[in-house]
Amino acid sequence: MDGQINWTALWVFVFFFVLVTAMGFAASRWQAPDKKKGAHLDEWGLGGRNFGTWITWFLVGGDFYTAYTVIAVPALVYAVGAYGFFALPYTILVYPIVFVVMPKLWHAAHRAGHVTAADVVYGRYGSRSLELAVAITGVVATMPYIALQLVGMEVVIKALGLTGELPLAAAFVILALYTYSAGLRAPALIAFVKDLMIYIVVLVAVVLVPMKLGGYASVFHEAGAAFAAKGGATGLILKPSQMLPYASLALGSALAAFMYPHTLTGIFAAKSADTIRKNAVFLPAYTVLLGLIALLGYMAYAAKLTVKTNNDVVPALFNALFPSWFAGFAFAAIAIGALVPAAVMSIGAANLFTRNFWKPYVNPSVSPAGEAKVAKIVSLVVKLGALVFILFLPTQFALDLQLLGGLWILQTFPAVVFGLFFNWFRAPALLAGWLVGLVGGSWLAFSDGIKPVHAFHFGDTSFTLYTGLTALIVNIIVATIVQMVIPGKALREARV
């Protein structure tokens, strides 16, 4: 299909894209606040803190299961086999964490009217330095995650036969405009359509594709043969040397998942702590979906596909095995699946900038309406910043973008979470841990070519761990040492 536009698929794609665009602009009148509150950041950035169980379920699922899920996970499974399934235990581990931690965080935010995690940190520790560290980390870590959504859109636009940067730029502008107009209500409303479309696409694919390829036995046989020919660390079953890095990737990703501004935005927008607990119970339904999507990486081998990059696997599979109209529907689902989280991510980052940089350092007397105006503008700038990651960072897989952001955001875990359960740590200790974890983890990641894991060698012994989890361990050790070495009184006096 290279260089040739698939017009049937394109028109189906355009129809659904226009549909969700219209919904995005209409969302400003959905659950509209009264005029007195309409200009507040709570209304634009958190949807009025009034989302119930179902809206929260679709919103959190919509920004947690993204182009990362549909493009990057099958690409990694296609490339390395079983190792790519680490995302499955990760999304199983994350929900007990959500059930235990997030209701407490919601209560802390709700009581004081906090909009961001950095607000909660400042309210708990009274440290502007620690607040700023959490806010900057959140904004920077969000950039590669938004970039990953743009990578997903790029892939499906190319699969339609379109070339050049104009189609992606047009989608980017549309996203920016309806996010600016409707705030969090836009992705919350669109998430209903997006999730329904992705469920249809995946369920049809996992039933019909194996039928066309001779059944799942044939799919696994062909994939196994391909991995055997590749050799190395690929295969349908994990190698012993892969088990520890696999487990560390799952655990580290689970700890990082709800530290991101976009996932916390969905949490803070919920109307009650019970809403969050109910979502922690029901959201694992998405894990089933994720496992089915990952299998598309194996199906590509049975379909005898040849792709230029691993990220092209899923679009190539749909182009090869389905009629054009369904391929267009699938590509629209993937593109919309990128727009929803990208919108929430830009809102979450804009909330951080406005509340934790603009207000304390630039304009402390800014009005609620002024906060909302600044956040709207920043949400546009954040999307532009995400393009930098696509243009200048060398990444073997789109998934590397998300894992790099995960390394950074994971370093905010002690500052955001520890204070919800015990009062031992002080701000200077947490700040020292954050700094060492962030700098050390980034150095390891970039020295490894932005690979998500690092191999440690001690004499004849070696092991490999997720770099983000390694940095978090160092972070906590440093914070503990600083807390123990410097007396509590000195730490309190060191608050800034």
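For clarity, every value in this text was computed on a predicted model and none was experimentally measured.

Considerations on the packing of helix H9 (residues 185-212) against helix H17 (residues 324-362)
Turning to step 1, where the next piece is worked out: As a packed pair, H9 and H17 sit with axes 9 Å apart at the nearest point and diverge in direction by 145°. Crossing hand, H9 versus H17: left-handed. Listed contacts from H17 to Pro187, Ile190, Ala191, Lys194, Met197, Ile198, Ile200, Val201 and Val204 of H9 are Phe326, Phe329, Ala330, Ala332, Ala333, Ile336, Gly337, Val340, Ala343, Val344 and Ile347.
Turning to step 2, where the next piece is worked out: Residues that form the contact of H9 with H17 fall into these classes: 18 nonpolar, one polar and one charged.

Here's the deal with the nonpolar core
Nonpolar side chains tend to gather and get buried jointly when the protein is soluble and globular.
Turning to step 1, where the next piece is worked out: Ranked by size, the top nonpolar core spans 182 residues in total, and within it Met102, Tyr298, Met299 and Phe318 carry the most contacts.
Turning to step 2, where the next piece is worked out: The element that contributes the greatest number of residues to this core is H17, accounting for 21 residues.
Turning to step 3, where the next piece is worked out: Setting aside its immediate chain neighbours within four residues, Met102 contacts Ile97, Phe258, Met259, Leu264, Ile267 and Ile276.

Examining the packing of aromatic side chains
Turning to step 1, where the next piece is worked out: As enumerated under the stated definition, the model contains 27 aromatic pairs in all.
Turning to step 2, where the next piece is worked out: Arranged with centres 5.7 Å apart and planes meeting at 85°, the rings of Trp325 and Phe326 form a pair that is edge-to-face.
Turning to step 3, where the next piece is worked out: A centroid spacing of 5.9 Å and a plane angle of 20° characterise the contact between Phe458 and Phe463, whose relative ring orientation is stacked.
Turning to step 4, where the next piece is worked out: By relative accessible area, Phe463 is classed as partly exposed at 29%.
Turning to step 5, where the next piece is worked out: Members of the aromatic cluster, joined through ring pairs, are Phe15, Phe16, Phe318, Phe322, Trp325, Phe326 and Phe329.

About the criteria used
- Per chain, residue numbering runs from 1 following the sequence as it is written.
- Side-chain atom pairs in this predicted model are given and counted only at pLDDT of 80 or more, local residue features only at pLDDT of at least 70, and totals for whole chains, interfaces and linings cover all residues.
- Only hydrogens and water are removed before side-chain values are computed, so all heavy atoms of the structure are retained for them.
- The axes are straight lines fitted to the C-alpha atoms, using for helices just the contacting stretch, and the angles between their N-to-C directions are given from 0 to 180°.
- Going along the chain from the N terminus, every DSSP run of H or I of four or more residues is numbered as a helix, and every run of E of two or more is numbered as a strand.
- For any pair of crossing helices, the crossing counts as left-handed if the nearer helix is rotated counterclockwise from the farther one by less than a right angle, and right-handed if it is rotated clockwise.
- Whether two residues are in contact is decided by their heavy atoms, any of which lying within 4.5 Å being enough.
- The residue classification treats Ala, Val, Leu, Ile, Met, Phe, Trp, Tyr, Cys and Pro as nonpolar and Asp, Glu, Lys and Arg as charged. All others, Gly included, are polar.
- For this analysis, a nonpolar core means a set of buried residues of the types Ala, Val, Leu, Ile, Met, Phe, Trp, Tyr and Cys, connected via side-chain atoms within 4.5 Å.
- Any residue under 20% of the maximum accessible area for its type is buried, any over 50% is exposed, and the rest in between are partly exposed; the area is computed with a 1.4 Å probe on protein chains only.
- Working definition: rings of Phe, Tyr and Trp (its six-membered ring) pair if their centres are within 6.5 Å, and the pair is stacked with planes under 30 degrees apart, edge-to-face with planes over 60 apart, and tilted otherwise.

From the geometry alone we can't say anything about function, so treat these as descriptive.
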